[in-house]
Amino acid sequence: MMIGVPREIKDGEMRVSLTPALCRRLTGLGAKVLVEKAAGANAGFTDAEYAAAGAVLVKSARAVWRQADLILKVKEPLASEYGLMKTGQGLFTYLHLAAGPELTRRLLQRRILGIAYETVEGADGALPLLKPMSHIAGRLSVQVGAFFLQSQNGGSGVLLGGIPGTLPGHVVVIGAGNSGAHAVQMAAGMGARVTVLDLDVRKLEALDTEYRGRVVTLYANPGNIEDVVARADLLVGAVLVPAARAPTVVTRKMVNTMRPGSVIVDIAIDQGGCIETIRPTSHHDPVYKEHGVVHYAVPNMPALVARTSTLGLTQATEPYLVMIASKGIEAALATHSGLAKGVNTRDGRVVNEAVSRAVGFES
Ligand SMILES: NC(=O)c1ccc[n+]([C@@H]2O[C@H](COP(=O)([O-])OP(=O)(O)OC[C@H]3O[C@@H](n4cnc5c(N)ncnc54)[C@H](O)[C@@H]3O)[C@@H](O)[C@H]2O)c1
């Protein structure tokens, strides 16, 4: 099997889908690995390291896409990559098709076997390939939010931890899953006042037990959300309905009640965002203001810490790639039902029901 690793081209994307260490493991299992030159450079991995791990380095992305049976990426293919896709090719990456009908159409046209990291399921129904990036995005959301709260960055000038004698900043996190819980951890660690909301009471119970009253937990009904959003210095959107478009949990009217210079970080933007006033931004142009509130909605936040993110992502993908390299793609899908849940497109059809509902293509 030929596994291809193109350089990532999304704005500000610095991660790579394969480390030299994982490359060595796959070539040891008999896979051929093609790596586009400099694919790992921004995450601190050199071409020489990949070559020493048995990869063949090629000059262009075109050469990778043309030859590989399976393209291994981090982010979804962009418009300039659509023409490179080879009919019937396997693609293993974050796809987030619920937010990308045009990409869906292209994958169907090329009959791509699209396996989405974000819908691969663990034995417990959890999402093991989304989890490490959610942890990173959750932790970053507070770091990034604190930066944009600074006066010179257009923020209200609130120091999240405050100082003795002043009120600490108020961080409101909606969604207490993988990203939300890590946002809570960072915010509490910085000394902010923290309120976290979710519809899943078990998640709230777990955080209540962990923080012993240091963090306020609230059921995420519209009344509670409306009440706390108005008092938030930093609002973090961290909800997920797997594979579906994110539900709007914060309305424009609620955003309008926030103090000018307050900050919204909508982590859920890769699924369309959960704040009515949100639209995707990029690492080069990360924020805009609406109703006086700073909005940050970068869909690939983990690229900010490319080294940690690459190591976190590949430690999660490693068991699946080992399975694919050992057995072949189809046999791996046939024997691992959790990996099979990752298949979003096959033979010109959308085969994941939630994705199909979200993008309006029949499954
Ligand atoms: N922007 C980025 O760079 C980036 C990086 C990683 C993950 N993400 C995204 O972050 C989002 C969250 O991912 P996660 O791994 O934390 O998901 P998760 O499944 O671990 O947690 C989501 C939580 O949202 C809750 N929820 C669902 N609907 C809700 C509602 N209406 N109101 C309140 N809570 C609700 C769920 O009960 C769950 O606890 C996803 O869209 C994911 O793709 C974005």
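Conventions we followed
Residues numbered from 1 in each chain as written. Predicted model: local features only at pLDDT ≥ 70, side-chain atom pairs only at ≥ 80, totals over all residues. Heavy atoms only, no water. Domains from an automatic or database assignment. Contact = heavy atoms within 4.5 Å. Buried area = accessible area lost by both parts, 1.4 Å probe. Core = buried A, V, L, I, M, F, W, Y, C linked by side-chain atoms within 4.5 Å. Buried < 20%, exposed > 50% of the residue type's maximum accessible area, 1.4 Å probe, protein only. Salt bridge = Lys/Arg side-chain N within 4 Å of Asp/Glu carboxyl O. Helix = DSSP H or I, 4+ residues; strand = E, 2+ residues; numbered from the N terminus. 1 Å grid on protein atoms, 1.4 Å probe; cavity = no way out; pocket = protein on both sides within 12 Å on 5 of 7 lines; lining within 4 Å. Points joined across faces, edges and corners; volume = space filled by probe spheres on them. Nonpolar A, V, L, I, M, F, W, Y, C, P; charged D, E, K, R; others polar. Pairing = 2+ DSSP bridges. Phe/Tyr/Trp six-rings, centres within 6.5 Å; stacked < 30°, edge-to-face > 60°. Near = heavy atom within 4 Å. Polar contact = N/O pair within 3.5 Å; in protein donor to acceptor, adjacent residues only side chain to side chain. Areas by Shrake-Rupley, 256 points an atom, 1.4 Å probe, with all protein chains shown as cover. Sits in = over half its atoms within 2 Å of the grid points. Right-handed = clockwise from strand over helix to strand, strands pointing away.

(A) Just the domain arrangement of the protein chain, in detail. Domain parsing of the protein chain yields domain 1 (2-120 + 306-359) and domain 2 (131-299). For domain 1 and domain 2, the distance between their C-alpha centres works out to 31 Å. Opposite the 19 residues of domain 1 that make contact, domain 2 presents 14 residues. Each partner contributes to the roughly 1,200 Å² buried at the junction of domain 1 and domain 2, and carbon and sulfur atoms together form 62% of this total.

(B) Structural view of the nonpolar core. Counting 76 residues, the largest nonpolar core has L26, F92, I115 and L339 as the members making the most contacts within it. Both domains that furnish three or more residues to this core are identified here as domain 1 (2-120 + 306-359) and domain 2 (131-299). If we skip the residues at most four places from it in the chain, I115 touches L91, F92, T93, L95, V120, I329, L333, L339, G342 and V343.

(C) Highlighting the pattern of salt bridges. This model, assessed by the stated rule, comprises 17 salt bridges. Between K10 and E76 there is a salt bridge; the shortest N-O distance is 2.7 Å. Here E76 lies in the loop between strand 4 (70-72) and helix 4 (79-82) and K10 lies in the loop between strand 1 (2-5) and helix 1 (20-28), a separation of 66 residues in the sequence. Taking relative accessible area as the criterion, K10 reaches 17% and is therefore assigned buried. Between R231 and D227 there is a salt bridge, and its shortest N-O distance comes to 3.1 Å. For R231, a relative accessible area of 45% corresponds to the partly exposed category. Three or more residues are tied together by salt bridges with common partners; here these are E8, K73 and E81.

(D) View of the layout of surface pockets. A volume near 850 Å³ is recorded for the largest pocket. Contributing to the lining of the largest pocket are 41 residues, with N178, S179, A238, V239 and L240 lying nearest its centre. Listed by contribution, the elements that provide at least two residues to the lining of the largest pocket are helix 6 (131-149), helix 7 (178-189) and strand 8 (193-198). Top element by residues in the lining of the largest pocket is helix 6. It accounts for three residues. Taken together, the residues of the lining of the largest pocket sort by class into 25 nonpolar, ten polar and six charged. Counting the residues that make up the lining of the largest pocket, at least three belong to each of domain 1 (2-120 + 306-359) and domain 2 (131-299).

(E) Broad picture of the pairing of strand 13 (residues 293-296). Side-chain alternation along strand 13 places V293 and H295 on one buried face and V294 and Y296 on a second face that is also buried. Judged from the three bridges that link them, strand 11 (residues 263-266) and strand 13 form a sheet pairing that is parallel. Bridged to I264 within strand 13 is H295. Strand direction decides the pairing type here: strand 12 (residues 287-290) and strand 13, joined by four bridges, are antiparallel. Residue pairing in the sheet places Y288 in a bridge with H295 of strand 13. Linking strand 12 back to strand 13 in an antiparallel pair, the connection comprises two residues, with H291 at a positive phi of about 50 degrees.

(F) Expanded view of the packing of aromatic side chains. Across all of its chains, the model carries four aromatic pairs by this definition. For the ring pair F92 and Y117, a centre distance of 4.8 Å and an interplane angle of 75 degrees mean the geometry is edge-to-face. Of the two residues, F92 is situated in strand 5 (residues 90-93) and Y117 in the loop between strand 6 (113-116) and helix 6; the sequence distance between them amounts to 25 residues. With centroids separated by 5.0 Å and ring planes inclined at 85 degrees, the aromatic side chains of F147 and F148 adopt a geometry described as edge-to-face.

(G) Representation of the site of the ligand within the structure. Neighbouring residues of the ligand: 29 residues in total, closest S134, S179, D198, D270 and M301. For the ligand, an oxygen atom lies 2.7 Å from a polar atom in the backbone of M301. Summarising the interface, the protein chains cover 90% of the accessible area of the ligand, which totals 870 Å² for the free molecule. Of all the cavities here, the one that holds the ligand is the largest pocket. Of all the elements in the fold, those that place two or more residues in the shell around the ligand are helix 6 and helix 7. The dominant element in the shell around the ligand, judged by the number of residues it contributes, is helix 6, at three residues. The class makeup of the residues in the shell around the ligand is 17 nonpolar, eight polar and four charged.

(H) Focus on the environment of A232. Position of A232 among the secondary structure elements: in the loop between helix 9 (222-229) and strand 10 (234-237). Note on A232: relative accessible area 2%, which makes it buried. In sequence terms A232 and V263 are 31 residues apart; their C-alpha atoms lie 8.4 Å from each other. Apart from the residues lying within four places of it in its own chain, the contact partners of A232 are H170, V172, M258 and S262.

(I) Representation of the pairing of strand 2 (residues 32-36) within the structure. The buried fraction of strand 2 amounts to four of the five residues, a majority that puts the element mostly inside the structure. In this sheet, strand 2 lies alongside strand 1 in parallel orientation, the contact comprising four bridges. Across the sheet, residue M2 finds its bridge partner in strand 2, namely K32. Considered for its hand, the β-α-β crossover made up of strand 1, helix 1 and strand 2 is right-handed. Note that strand 2 and strand 3 (residues 56-58) share three bridges and pair parallel. Along strand 3, the bridge assignment pairs E36 with V58. As for the winding sense of the linkage, the β-α-β connection from strand 2 through helix 2 (residues 47-52) to strand 3 is right-handed.

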